[in-house]
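# Structural characterization, general
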Amino acid sequence: MAEEVSKTSTTQEEVAVADVAPTEKPDNNVVVSLEKDAPQEEEKASPEKENIPETETEVSKDNIPESGSFKEESTIVSDLPETEKKALQELKQLIQEALNKHEFSAPQSNHPPKDEKSEDATDYKEEQKRVEEEKEHVVHADAAEVVESTEKEAAEVKETEVVDEKVAVTDAASVVEDGAKTVEAIEESVVSVTVLEEEAKVEAASASPEEISIWGVPLLADERSDVILLKFLRARDFKVKDAFAMIKGTIRWRKEFGMEELLEEDLGDDLEKAVYMHGFDKEGHPVCYNIYGEFQNKELYKKSFSDEEKRHRFLRWRIQFLEKSIRRLNFTPGGISTIVQVNDLKNSPGPAKWELRQATKQALQLLQDNYPEFVAKQVFINVPWWYLAVNRMISPFLTQRTKSKFVFAGPSKSAETLLRYIAAEQLPVKYGGLSKDGEFGISDAVTEITVRPAAKHTVEFPVTENSLLSWELRVIGWDVSYGAEFVPNSEGSYTVIIQKARKVASSEEPVLSNNYKIGEPGKVVLTIDNQSSKKKKLLYRLKVKPSSSD
């Protein structure tokens, strides 16, 4: 059968470089690129970046780890170093306290006003008590005067009448004063009771911890929460307080942004060709394709970026797309909880497009602050010279860990680079794979073979009678000759030409498909004749179906 050859090195045209954030936020940088790329680099580009030749070459391994060298850290708690386990436990304690106090949902400024009301009510009660004591003192004084006037009653009747009249007036005034103060006391009691009732409601609500979910995972509810918390810890270099502040900020932002409502919002399908999910990489990560060339369409560009309102709508669409993608990830410890981003810069509008830069700048900040550690790898393909120039400037400000997640490839090496990370059956045809609608699916494995320069390679498929053999193949870049024939086992039978050998140009259909109905034992032989001076990558797969004899 066909020989299997390991993937060829792509070091000549690949550069593992990082691209987004400063060293103090290595993890955030990764997430930033999850949104926009070319404009982001341009926007952050100040004079700073690493040695990336303008032609496609690999940067010195002393400065940047070779592409693919980055290994994702474990999300299983038992695998963590003790210091990281301790940081995780401390973060969980802070979150539990915050949940108990309802800090995530209640604005912090609500508490001080309640204390002030309570103190005001207490002061008012004390003042009321003092007023009543003074009133009682006045009443006793009036009573004493009445006793004294009674003793003198026999001597001076008229004076007694006058005194009685004064006492009556005094009593009437006291009654009026008592009535007014009683009303005031009732009003104060109502205010005091209202304040106490509000406090009682808050205390009753605080008796049970609030429930907060992020990306569909309830905080501290199960082990999936640990995976979420580890993302924030890694984004902040396991500084617990910083990670806690980041989580609080993210939860607050998600509430203000109306995330749950956004997920149900219909924002149209105008951008479905610009950003889409397709297949998985060789490690099982879902792959997201960002096609910047789509924005060369003037109508789409204007509809997406021409004013602030449209840019905001684009931002909401992009966040909605990201949220839906994240919610399909597996947050079980040891599961796949990151995404591979493929960024196609072919025909990208470039750094001159101010509106696009503004939109990506806005997205950049949101992604840095609220989506930590969601990128497994960033692969940039069809990279133009100006993009490499920009990245050369900012590279010194990026960490080794971040750089190791990024891979750059120019147009002639893009397909070969993608095939290093994504199997051909999962990679779209337009990017060098065999994934397309048709007879074959992603479950039909593809064999990869490297054909040496000035060499001929044959692939043989042994077959039995009464079967239908189907196959499809492609050679990356073609410019080779291809032929197919059936050779029967019987000496008395003749070889049948299925496909006459012919030169296949690079501009022809990228994938060729054939089938042949077998009526006797034999073999199908495919011949690839590479007379060029470059090695070629051959991809093929086949399937055999039983066939009844006619």
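Residues numbered from 1 in each chain as written. Predicted model: local features only at pLDDT ≥ 70, side-chain atom pairs only at ≥ 80, totals over all residues. Heavy atoms only, no water.

This part covers unusual backbone geometry. A positive phi is found at Asp237, a non-glycine position, where the angle reads about 55°. Positionally, Asp237 belongs in the loop between helix H6 (224–235) and helix H7 (240–257). Phi at Trp478 takes a positive value of approximately 40°, unusual for a residue other than glycine. With respect to the secondary-structure elements, Trp478 resides in the loop between strand S11 (467–475) and strand S12 (480–488). (Helix = DSSP H or I, 4+ residues; strand = E, 2+ residues; numbered from the N terminus.)

Before going further, it helps to spend a moment on the side chain of Ser470. Locating Ser470 in the fold gives a position in strand S11. A distance of 3.3 Å separates a polar atom in the side chain of Ser470 from a polar atom in the side chain of Glu439. With near-sequence residues (within four places) excluded, Ser470 lies in contact with Glu439, Phe440, Asn514, Asn515, Arg541, Leu542 and Lys543. (Polar contact = N/O pair within 3.5 Å; in protein donor to acceptor, adjacent residues only side chain to side chain. Contact = heavy atoms within 4.5 Å.)

What follows covers the packing of aromatic side chains. A full pass over the atoms with the stated rule returns 21 aromatic pairs. Residues Trp215 and Phe232 carry aromatic rings whose centres are separated by 6.1 Å and whose planes lie at 20° to one another, so their mutual orientation is stacked. Here Trp215 is found in the loop between strand S2 (213–214) and strand S3 (217–218), whereas its partner Phe232 is found in helix H6, with 17 residues between them in sequence. A relative accessible area of 0% places Phe232 in the buried class. In textbook terms, an aromatic cluster arises when at least three aromatic residues are bridged by ring pairs, as seen for Trp215, Phe232, Trp253, Phe257, Phe331, Tyr371 and Phe374. Positioned above the aromatic ring of Phe374 is the side chain of Lys231, whose terminal nitrogen or guanidinium carbon lies 4.4 Å from the ring centre. (Phe/Tyr/Trp six-rings, centres within 6.5 Å; stacked < 30°, edge-to-face > 60°. Buried < 20%, exposed > 50% of the residue type's maximum accessible area, 1.4 Å probe, protein only. Lys NZ or Arg CZ within 6 Å of the ring centre and 35° of its normal.)

Now for the environment of Ala245. Looking at where Ala245 falls in the secondary structure, it is placed in helix H7. Residue Ala245 is classed as partly exposed on the basis of its relative accessible area of 48%. When the C-alpha positions of Ala245 and Phe232 are compared, they lie 9.6 Å apart, and in sequence the two are 13 residues distant.

So, on to the pattern of salt bridges. Applying the stated criterion across every chain, the model contains 21 salt bridges. For Lys413, the salt bridge goes to Glu416, with nearest N and O atoms at 3.2 Å. Taking the relative accessible area as the measure of exposure, Glu416 reaches 17% and is therefore buried. Two residues, Lys537 and Glu448, come together in a salt bridge whose shortest N-O distance is 3.7 Å. Here Lys537, found in strand S16 (residues 536–546), pairs with Glu448, found in strand S9 (residues 447–451); they are 89 residues apart in sequence, far enough to count as distant. For Glu448, a relative accessible area of 12% corresponds to the buried category. Bridged by salt links that share partners, the residues Arg254, Glu260, Glu323 and Arg327 form one connected network. (Salt bridge = Lys/Arg side-chain N within 4 Å of Asp/Glu carboxyl O.)

To continue, consider the packing of helix H3 (residues 82–100) against H6. Closest axis-to-axis distance for the H3/H6 pair is 10 Å, and the angle between their directions is 110°. Looking at the two axes, H3 sits roughly perpendicular to H6. Between H3 and H6, the contacting residues are Glu84, Ala87, Leu88, Leu91, Lys92 and Ile95 on the first element and Asp226, Leu229, Leu230, Leu233 and Arg234 on the second. Here the contact of H3 with H6 is built from residues that sort into seven nonpolar, no polar and four charged. (Axes fitted to C-alpha atoms, helices over the stretch in contact; angles between N-to-C directions. Parallel < 35°, antiparallel > 145°, perpendicular 65-115°, else oblique. Nonpolar A, V, L, I, M, F, W, Y, C, P; charged D, E, K, R; others polar.)

Let us look at the sheet that holds strand S13 (residues 496–504). Strand order across the open sheet formed by four strands is S10-S15-S12-S13, with antiparallel pairing between neighbours. Pairing within the sheet leaves two strands with one partner each, and these edge strands are strand S10 (455–463) and S13. Looking at each pair of strands side by side, their axes are set apart by 15° on average, direction ignored. Strand direction decides the pairing type here: S10 and strand S15 (residues 522–530), joined by nine bridges, are antiparallel. (Pairing = 2+ DSSP bridges.)

This part covers helix H9 (residues 298–305). Buried residues of H9: Leu300, Tyr301, Ser304 and Phe305, and no others. Along the axis of H9, the buried positions cluster into a sector of 100°, meaning they face one direction only. Away from its buried face, by an angle of more than 90 degrees, H9 presents the exposed residues Lys298, Glu299 and Lys302. Buried residues belonging to H9 abut helix H10 (308–326) and helix H11 (354–370). If you check the start of H9, you find a side-chain oxygen 3.0 Å away from the backbone N of Glu299, and it comes from Asn297. (Arc of directions from axis to C-beta.)

The subject of this paragraph is the sheet that holds S9. Spatially, four strands are ordered S9-S16-S11-S14 in an open sheet, and the strand pairing comes out antiparallel. Single-partner strands in this sheet number two, and they are S9 and strand S14 (512–518). In this sheet, adjacent strand axes meet at a mean angle of 25° when their direction is disregarded. Here S11 runs beside S16; their pairing, made up of nine bridges, is antiparallel. Bridged to Ser470 within S16 is Lys543.

So, about the pairing of S9. Among the five residues that make up S9, five are buried, leaving the element largely enclosed by the rest of the structure. Of the two faces of S9, both are covered, the one formed by Thr447, Ile449 and Val451 as well as the one formed by Glu448 and Thr450.

Once that is clear, we can look at H6. For H6, which comprises twelve residues, the first-to-last C-alpha distance of 17 Å matches the rise-based estimate of 16 Å (1.5 Å per residue) to within 8%. Among the twelve residues in H6, eleven count as buried, and that is most of the element. Along H6, the residues that are buried comprise Ser225, Asp226, Val227, Ile228, Leu229, Leu230, Lys231, Phe232, Leu233, Arg234 and Ala235. Positive backbone phi, approximately 55°, marks Asp237, located one or two places after H6. (Expected span 1.5 Å × (residues − 1).)

Checked against the element boundaries, Lys231 lands in helix H6. A distance of 2.9 Å separates a polar side-chain atom of Lys231 from the backbone oxygen of Ser337. Residues within four places of Lys231 in sequence aside, it is in contact with Phe331, Ser337, Thr338, Pro372, Glu373 and Phe374.

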